[in-house]
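Per-entry structural report
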Amino acid sequence: MLCFCLPIAVMDTNKMVINLALFGRTQSGKSSAGNILLGSTEFYSSFSPCAVTEDCSLGRSCYLHSFMRRAGQEVTLQVQVLDTPGYPHSKLSTEQVKQELKKALKHHFGREGLHLALLVQRADMPFCGQETSYTAQLMQELLGRAWKNYTAVLFTHAEKIEEAGFSENEYLCEASDTLLTLLNSVQQRYVFQYKKANSFNEQRMKILERIVEFIRENHYQVLTFK
């Protein structure tokens, strides 16, 4: 059962904990994205011809002091990220992946709640028609009918867009109807992640600021799992 509530964590004016979960295809860059969000190497990530992540795991960031101001006071932010197996998986069946995801969501966010699901999509890979229906079906099964209100798209490998001479806006203008339909369904909540060694911290802060803005627009509501 899913329900919506305002978590206790955001009621503390001096500290805020945001809970995120990463979903997406195998080799889409979920674990790497999770490491950027956490500012660490919590999740194992490498190029591989087969799926790397087989189990769900939760990572916690260090405290980010003075991340933002709210009600005239500086707020310290902590990020919790759930890394998950991709789909289709080279070692697990679709049903095994679903069961692993459901179990982890209930275990880690059953009480505290999930602020935002990040649907990870490689910017340098096409998003095909059949993926929309499968993705929507999976997200609805995991998060319930309100999944669109608690989901954003995270584009990884966005540096490939720059290398091809596109801006983000130009990339989206050239995107397939399938991808545009997905972005419209999640109310244009998306963020691009660039893999640049010399701007790691800058990238992290930009992505977290945008994610917190999505959460704020959703009035800090969460999905809980019972």
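Above: the structure in question.
Just so it is clear, the model here is predicted, and its values are computed rather than measured. (Residues numbered from 1 in each chain as written. Predicted model: local features only at pLDDT ≥ 70, side-chain atom pairs only at ≥ 80, totals over all residues. Heavy atoms only, no water.)

**Quick word on the overall build of the protein chain**
The test is simple: Labels follow the DSSP assignment, with helices taken as runs of H or I lasting at least four residues and strands as runs of E lasting at least two, numbered in each case from the N terminus. Burial status follows relative accessibility: with a 1.4 Å probe on protein chains alone, a residue under 20% of its type maximum counts as buried, one over 50% as exposed, and anything between as partly exposed. A contact between two residues is defined here by any heavy atoms of the two lying within 4.5 Å. Each accessible area is a Shrake-Rupley result for a 1.4 Å probe, and residues are judged covered by the shown protein chains and nothing else.
Per the secondary structure count, the protein chain includes seven helices and nine strands. When the 226 residues of the protein chain are sorted by exposure, 51% land in the buried category. Sequence separation of 24 or more characterises 76% of the internal contacts of the protein chain that already satisfy a separation of 6 or more. Accessible surface for the protein chain amounts to roughly 11,300 Å². Of this, 50% is attributable to carbon and sulfur atoms.

**Some words on helix α7 (residues 200-217)**
At 3.6 residues per turn, the α-helix brings residues three or four places apart onto the same side. Here is the rule we go by: In this scheme, a helix's expected span is set at 1.5 Å multiplied by one less than its residue total. Think of the arc as the fan of directions from the helix axis to the C-beta atoms.
Given a rise of 1.5 Å per residue, 18 residues ought to cover 26 Å, and the 26 Å separating the end C-alpha atoms of α7 matches this to within 8%. For α7, every residue scored as buried is listed here: Q203, R204, I207, L208, I211, V212, F214 and I215. Taken down its axis, α7 places every buried residue within 160 degrees of arc, on the same side. Just downstream of α7, H219 is the residue with a positive phi angle, here 60 degrees.

**Overview of the side chain of Q80**
Short version of the rule: Identification of polar contacts relies on pairs of N or O atoms within 3.5 Å, with a donor-acceptor requirement for protein atoms, meaning one able to donate a hydrogen and the other able to accept it, and with residues adjacent in sequence counted only if both atoms are side-chain atoms.
Relative to the helices and strands, Q80 is located in strand β5 (residues 73-83). Judged by its relative accessible area of 6%, Q80 falls in the buried class. At a separation of 2.6 Å, a polar atom in the side chain of Q80 contacts the side chain of N19. A distance of 3.2 Å separates polar atoms of two side chains, one belonging to Q80 and the other to E112. Ignoring any residue separated from it by four or fewer positions in sequence, one finds Q80 in contact with V17, I18, N19, L20, L58, G59, R60 and E112.

**Comments concerning the pattern of salt bridges**
Heads up, the condition is: By definition here, a salt bridge exists when the distance from a side-chain nitrogen of Lys or Arg to a carboxyl oxygen of Asp or Glu is within 4 Å.
Applying the stated criterion across every chain yields a total of eight salt bridges. For K98, the salt bridge identified is with E141, shortest N-O distance 3.2 Å. Here K98 is found in helix α2 (residues 94-109), whereas its partner E141 is found in helix α3 (residues 129-143), with 43 residues between them in sequence. With a relative accessible area of 35%, E141 lands in the partly exposed category. One salt bridge connects E213 with R216, and the closest N-O pair in it is separated by 2.2 Å. Note that E213 and R216 are positioned in helix α7 at a spacing of three residues, about one turn of the helix. Exposure remark for E213: the relative accessible area of 33% places this residue in the partly exposed category. You can call R216 partly exposed: its relative accessible area is 32%. Within this structure, K98, K102 and E141 form a network of salt bridges that share partners.

**Digging into the environment of V17**
When you line up the elements, V17 lands in strand β2 (residues 15-24). Residue classification places V17 among the buried positions, given a relative accessible area of 13%. Through-space distance from the C-alpha of V17 to that of E112 is 9.6 Å; in sequence the pair is 95 residues apart.

**Brief notes about the packing of aromatic side chains**
Formally: Note on aromatic contacts: the rings of Phe and Tyr and the six-membered ring of Trp form a pair at centre separations within 6.5 Å, being stacked when their planes are under 30 degrees apart, edge-to-face when over 60 apart, and tilted otherwise.
Scanning the model with the defined rule gives five aromatic pairs in all. Ring centres of Y171 and F192 lie 5.9 Å apart, and the angle between their planes is 80 degrees; on these two criteria the pair is classed as edge-to-face. Residue Y171 is located in helix α5 (residues 168-173), and its partner F192 is located in strand β8 (residues 190-192); the two are separated by 21 residues in the primary sequence. What makes Y171 buried here is its relative accessible area of 14%. We classify F192 as buried; its relative accessible area is 6%.

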